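This is what each chain is made of:
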Amino acid sequence: MQYKSQAVARLYFIAAIGLFVAQILFGLIMGLQYVVGDFLFPAIPFNVARMVHTNALIVWLLMGFMGAAYYMVPEESETELFSPKLAVLMFWVFLAAAALTVLGYLLVPYAGLAKMTGNDLLPTMGREFLEQPLPTKVGIVVVALVFLFNITMTVLKGKKTAISLVLLLGLWGLALFFLFSFYNPDNVVKDKFYWWWVVHLWVEGVWELILGAILAFVLIKVTGVDREVIEKWLYVIVTLTLITGIIGTGHHYYWIGTPEYWQWWGSIFSALEPIPFFAMTLFAFNMVNRRRREHPNKAATLWALGTGVMSFLGAGVWGFLHTLAPVNFYTHGTQITAAHGHMAFYGAYVMVVLTMISYAMPILRGRAANPGKAQVAEMWAFWLMTVSIVFITLFLTAAGILQIWLQRVAATPMSFMDAQDQVALFYWMREWAGVVFLTGLVVYITSFFVKGETAKA
Amino acid sequence: MPPSAAKPAGQGLAVIAETLFLANLLLAPGLAFVAIVWLWRKHRDAAPLARCHLEQTFFVSLWGGVLLVVACAAILLLGGLDWEWTWVVVIIYFTCVHSTLVLLGVVGLSKALAGKAYVYPLIGRRCA
């Protein structure tokens, strides 16, 4: 690696992969609970498994983003990190907070946890994805601010590039929008309205900027294409993201009690949201086709191309599938949403973090790329995880369509639970696809321990 | 060397052909195909790169029509509109085939932008 302080990224990447494993294990547990309702009950109730599954995802992606930033920024800014010690300290604080929160979810009933952690002082808990106790939320803010201070100071003392500035914009936006998790008005409409400012403006707004910056960084390294060319693409992607994503928030406002005009605004702008993902796919393939060097890290290139394709499919295509208000009238809150969620998170954010880890980890371990056998194992992991997430998405889509018909279209509509019984076959198939995903993850982790001859970094 | 001098012959036409292929799938179905047909007939003696992309986009668009319009119509006719499984099959089928064609179009366009020939897998025509 070019700068010693980049080494702090390694800690973040290892913890991210550890939490990724936890996320998948709890995903499998709750997947089984869909069809065997009392599996592991009362030790791990469904709501707890779901909380750990989604919260672990968010935290490990944040760990991945932070690791990526600590790796990228010194290289982009051509200077050592402002304070590597602060980065290491914040890593342990973040990890401890994540571990304590998960233990709290697993060991204490949620209402009791709320009482213990001061939720009555400032009620923020009990909302999907923002279930974290108040001290954890405060901890996230502290860690994020210290992290941003460290990264921003590094950029300020070094060279400013388009990539580092887009990354900073995304990371500052991430921290800023998280502050809305502390705003929890009594009015349920307002509550949901601002809740989406965290959830939507993260994943369909500022996170896309982080995604674009990471992808651009890795593509410069593995293809050798001129920075100017890649930066132009990045500007286009950022513009398209912000134009479509911000007002696209309206697709969450159709049925929550907001004015009807949101059905128009939301439909029009969110129908345009696949465009930046389309651009990203074209960007990735275009750069690889115009490459000026054959980088020895084939696996990283595969992850980068995969990010383009899968984010377009998951976020773009499956998002568009249910984004228009007249369609969403039927699909809202069904398994179609779950199908979209799984493929979009995997395709966009899981894959881009794994792209970065795939590129950076060998260098952090003192080599340009992993040995051939290790890369073959990693590419097997890529295909196992990617193909299984495609099948998870297809099975959930099938379950969703059937659910909509039985529950919302049929002349004699079924109740929610009766409809769930009818789609159980698809839940079983989803569970088996999940087992294949776990197998892919095991192969992925194994790839780090495969030995062989390597070229020096 | 100025960038234009480095461009392979027929690259502009190749890029237009692939862009129209994507437009036919995403923005202006039918209309963009008419433009592809027009270009395909007009530029019979174009440079090999352009001709390759024109051949691909013309024939794969025809295949796309069969795979998307004809096959979906057949599923709807055979299954009937009042059977839930018709909708399960047709929505998933259409989404998968349409997005696969779009992704192949993206690969085709990126190849054209890089000045390279491209043959669509399975349904593409061999380039001369």
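### Quick notes on the overall build of chain A
1) Next: Counting its secondary structure elements, chain A contains 16 helices and zero strands.
2) Next: Counting across all 457 residues of chain A, residues that qualify as buried make up 52%.

### Concerning the overall build of chain B
1) Next: When helices and strands are counted, chain B shows five helices and zero strands.
2) Next: The helix and strand sequence of chain B, counted from the amino end, reads α-α-α-α-α.
3) Next: The 128 residues of chain B split such that 31% are buried.
4) Next: Within chain B, residue pairs in contact and separated by at least 24 positions form 65% of the contacts whose partners lie at least 6 positions apart.

### Side note on the interface of chain A and chain B
1) Next: Between chain A and chain B, the contact holds 17 residues from the first and 16 residues from the second.
2) Next: When contributions to the side of chain A that touches chain B are tallied by element, the ones reaching two or more residues are α10 (274-289), α11 (298-320) and α14 (372-409) of chain A.
3) Next: With seven residues, the single largest contributor to the side of chain A that touches chain B is α14 of chain A.
4) Next: Of the residues that constitute the side of chain A that touches chain B, the class distribution is twelve nonpolar, four polar and one charged.

### Digging into the packing of helix α5 (residues 134-157) of chain A against helix α6 (residues 162-178) of chain A
Residues and elements named next belong to chain A.
1) Next: For the pair α5 and α6, the least separation of the axes is 10 Å and the interaxial angle reads 160°. Accordingly, the angle class assigned to the pair α5 and α6 is roughly antiparallel. Judged by the twist between their axes, the crossing of α5 over α6 is left-handed. Taken together, the residues of α6 that come into contact with α5 (itself represented by Ile140, Val141, Ala144, Leu145, Leu148, Ile151, Thr152 and Val155) are Ser164, Leu168, Leu171, Trp172, Ala175 and Phe178.
2) Next: Looking at the contact of α5 with α6 residue by residue, the class counts come to twelve nonpolar, two polar and no charged.

### Remarks on the packing of helix α2 (residues 46-77) of chain A against helix α13 (residues 335-364) of chain A
All names here are of chain A.
1) Next: Close contact between α2 and α13 brings their axes to 10 Å; oriented N to C, the two are set at 40°. What the angle tells us is that α2 and α13 run oblique. Considering how the two elements wind past one another, α2 and α13 form a crossing that is left-handed. Together, Leu57, Leu61, Gly64, Ala68 and Tyr71 of α2 and Phe345, Tyr349, Val353, Met356 and Ala360 of α13 make up the contact between the two elements.
2) Next: Across the contact of α2 with α13, the residue classes break down as nine nonpolar, one polar and no charged.

### A few points about α5 of chain A
All names here are of chain A.
1) Next: Compared with the 34 Å implied by 1.5 Å per residue over 24 residues, the 35 Å span of α5 between its first and last C-alpha is a close match.
2) Next: Of the residues making up α5, those classed as buried are Thr136, Lys137, Ile140, Val143, Ala144, Phe147, Asn150, Ile151, Thr154 and Val155.
3) Next: Buried residues in α5 make contact with α2, α3 (84-107) and α6.

### Considering unusual backbone geometry
Residue and element names in this part refer to chain A.
1) Next: Look at the link from Phe41 to Pro42: it is a cis peptide, with omega at 10°.
2) Next: Locating Pro42 in the fold gives a position in the loop between α1 (8-35) and α2.
3) Next: Despite not being glycine, Leu40 shows a phi value in the positive range, around 60°.
4) Next: Structurally, Leu40 can be placed in the loop between α1 and α2.
5) Next: With 15 C-beta atoms packed within 10 Å, Leu40 lands in the partly exposed category.
6) Next: Backbone geometry at Phe129 places phi at a positive 70°, although glycine is not the residue there.
7) Next: Counting through the fold element by element, Phe129 comes out in the loop between α4 (110-116) and α5.

### Digging into the environment of Ile401 of chain A
1) Next: Relative to the assigned elements, Ile401 of chain A resides in helix α14.
2) Next: According to the C-beta neighbour criterion, Ile401 of chain A is buried, with 27 such atoms within 10 Å.
3) Next: In contact with Ile401 of chain A, other than residues within four places in its own chain, are Trp87, Val88 and Ile91 of chain B.

### A few points about the environment of Glu453 of chain A
Residues and elements named next belong to chain A.
1) Next: Within the element layout of this structure, Glu453 appears in the segment after α16 (424-447).
2) Next: Taking the number of C-beta atoms within 10 Å as the measure of exposure, Glu453 has 8 and is therefore exposed.
3) Next: Residues Glu453 and Arg367 lie 86 residues apart in sequence; the distance between their C-alpha atoms is 9.9 Å.

### Structural notes on the confidence of the model for chain B
Low pLDDT marks stretches whose predicted atomic positions should not be read closely.
1) Next: The predicted model of chain B has a mean per-residue pLDDT of 93, with 95% of residues at 70 or higher.
2) Next: In the predicted complex, the global pTM is 0.95; the interface-specific ipTM is 0.92.

### A look at the environment of Val352 of chain A
Residues and elements named next belong to chain A.
1) Next: Along the chain, Val352 falls in helix α13.
2) Next: Between the C-alpha atom of Val352 and that of Ile275, which follows or precedes it by 77 residues, the distance is 18 Å.
3) Next: In this view, Val352 contacts Leu211, Ile214, Leu215 and Thr307; residues no more than four positions away in its chain are not counted.

Rules used in this analysis
- Counting restarts for each chain: residues are numbered from 1 in the order of the written sequence.
- Lettering for chains starts from A, numbering for ligands starts from 1, and both go in the order in which the items are written.
- Per-residue local features are limited, in this predicted model, to residues with pLDDT of at least 70; the limit for side-chain atom pairs, both in listing and counting, is 80 or more; totals at the level of whole chains, interfaces and linings are taken over all residues.
- What counts as a helix is a DSSP run of H or I of at least four residues, what counts as a strand is a run of E of at least two, and both are numbered from the N terminus.
- In this scheme the burial state of a residue depends on its C-beta neighbours within 10 Å: 20 or more other such atoms mean buried, 12 or fewer mean exposed, and anything in between means partly exposed; the C-beta positions come from the backbone.
- By the convention adopted here, residues are in contact when the distance between their C-beta atoms, placed from the backbone, does not exceed 7 Å.
- Under the scheme applied, nonpolar residues are Ala, Val, Leu, Ile, Met, Phe, Trp, Tyr, Cys and Pro; charged residues are Asp, Glu, Lys and Arg; polar residues are all the others, including Gly.
- Each axis is a line fitted through C-alpha atoms, and for a helix only the stretch in contact is used; angles between axes span 0 to 180 degrees, taken between their N-to-C directions.
- Our angle categories are set so that under 35 degrees counts as roughly parallel, over 145 as roughly antiparallel, 65 to 115 as roughly perpendicular, and the remainder as oblique.
- Whether a crossing is left-handed or right-handed is set by the direction in which the near helix is turned from the far one by less than a right angle, anticlockwise for left-handed and clockwise for right-handed.
- To estimate the expected span of a helix, count its residues, drop one, and scale the result by 1.5 Å.
- By definition, pLDDT measures how confident the predictor is in each residue, and it falls between 0 and 100.

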